[in-house]
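The primary structure of each chain is shown beneath.
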Amino acid sequence: TITMNDDALYEGSETAILTLANSTQSGALNGTQQVYTLTINNDGDAAPLLYFTDTDGALSVKECNRDSDGNNTSDYTETIFVSLTTAAGTTVRVDYAISDPDPGTATEGADYESFSETFLVIQANETQGSFPLVIKHDNMDEEDQTIKISLSANADGSATEHTNLTNFPSSYTYTIEDNDDAP
């Protein structure tokens, strides 16, 4: 008899290899190794839901303007945070991209750098991950500009998008506040 422990974490299927060898039990096939693969399926725990958050994990549809030092003369990197409603028992891959068809008013390459990656990995038993957004400084007086970023769950089913988009947003608007003087 094998007893499974419920850990209340979402996990994909897991396997254990059971080997019986050199049994002293009467009637067992001595000298013949018996191997059995046991598959343990997820026991119904729901996959965590993903959403954008602040650094402390608070629910957020925040708009950021510049880095924490008030940097307004050079390129800088903002950290964009993504959270899960609960930890998973496996790594969770979250895809992100500039929203399509509405990417915002900022121009890729001129106002921000394109993403070097298009996904982040939240480690097993963790609830938050992040990715960088590089904002490019310019010397032009212009209106504030926006970048719209969207999350999507990876096809592996390790997380899903939240249906309550008001409190658990899967899209994010980053505002680049103009910091240049008028001519």
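The structure we're discussing is the one just above.
Here's a quick rundown of the structure.

This brings us to the overall build of the chain. Secondary structure summary: the chain contains zero helices and 10 strands in total. Starting at the N terminus and walking to the C terminus, you meet the elements of the chain as β-β-β-β-β-β-β-β-β-β. When the 183 residues of the chain are sorted by exposure, 32% land in the buried category. Contacts in the chain between residues far apart in sequence, at least 24 positions, make up 77% of those at least 6 positions apart. Accessible surface computed for the chain: about 10800 Å², of which carbon and sulfur atoms make up 46%.

Moving on to the side chain of aspartate 95. As for its placement among the helices and strands, aspartate 95 is situated in strand S5 (residues 92-98). Only 3.0 Å separates the side chain of aspartate 95 from the side chain of arginine 93, close enough to count as a polar contact. When near neighbours in sequence (up to four residues on either side) are disregarded, aspartate 95 contacts Thr118, Phe119, Ser150, Leu151, Ser152, Ala153 and Asn154.

To continue, consider the sheet that holds strand S7 (residues 128-135). Spatially, the four strands line up as an open sheet ordered S7-S4-S3-S9, and their pairing is mixed. The open sheet has two edge strands with one neighbour each: S7 and strand S9 (160-161). As paired strands, strand S3 (residues 49-53) and S9 are joined by two bridges and run parallel to one another. Counterpart to leucine 49 in the pairing with S9 is threonine 160.

Here the focus is the pattern of salt bridges. Evaluated as defined, the whole model comprises four salt bridges. For aspartate 75, the salt bridge identified is with lysine 136, shortest N-O distance 3.4 Å. Of the two residues, aspartate 75 is situated in the loop between S3 and strand S4 (76-84) and lysine 136 in the loop between S7 and strand S8 (145-153); the sequence distance between them amounts to 61 residues. One salt bridge connects glutamate 113 with lysine 136, and the closest N-O pair in it is separated by 3.9 Å. With glutamate 113 in the loop between S5 and strand S6 (119-122) and lysine 136 in the loop between S7 and S8, this residue pair connects regions lying 23 residues apart in the sequence. We classify glutamate 113 as partly exposed; its relative accessible area is 36%. The exposure class assigned to lysine 136 is partly exposed, which follows from its relative accessible area of 24%.

Cut-offs used in this document
- Within each chain, residue numbers correspond to sequence positions counted from 1 in written order.
- Owing to the predicted nature of the model, reporting of local features is limited to residues with pLDDT of at least 70; listing and counting of side-chain atom pairs is limited to 80 or more, with chain, interface and lining totals taken over all residues.
- Each side-chain value is worked out from all heavy atoms of the structure, with water and hydrogens disregarded.
- We count a stretch as a helix when DSSP gives it H or I for four or more residues in a row; a strand needs E for two or more, and each element gets its number in order from the N terminus.
- Residue exposure (1.4 Å probe, protein chains only): buried if accessible area is under 20% of the type maximum, exposed if over 50%, otherwise partly exposed.
- A contact between two residues is defined here by any heavy atoms of the two lying within 4.5 Å.
- Note on areas: these come from Shrake-Rupley sampling with a 1.4 Å probe, and a residue is covered only by the protein chains present in the view.
- Distance and chemistry together define a polar contact, namely a pair of N or O atoms within 3.5 Å, with one atom able to donate a hydrogen and the other to accept it when in protein, and with adjacent residues in sequence counting only for side-chain atoms on both sides.
- Being paired, for any two strands, means DSSP has found at least two bridges between them.
- The salt bridge criterion pairs a side-chain nitrogen of Lys or Arg with a carboxyl oxygen of Asp or Glu, the two atoms within 4 Å.

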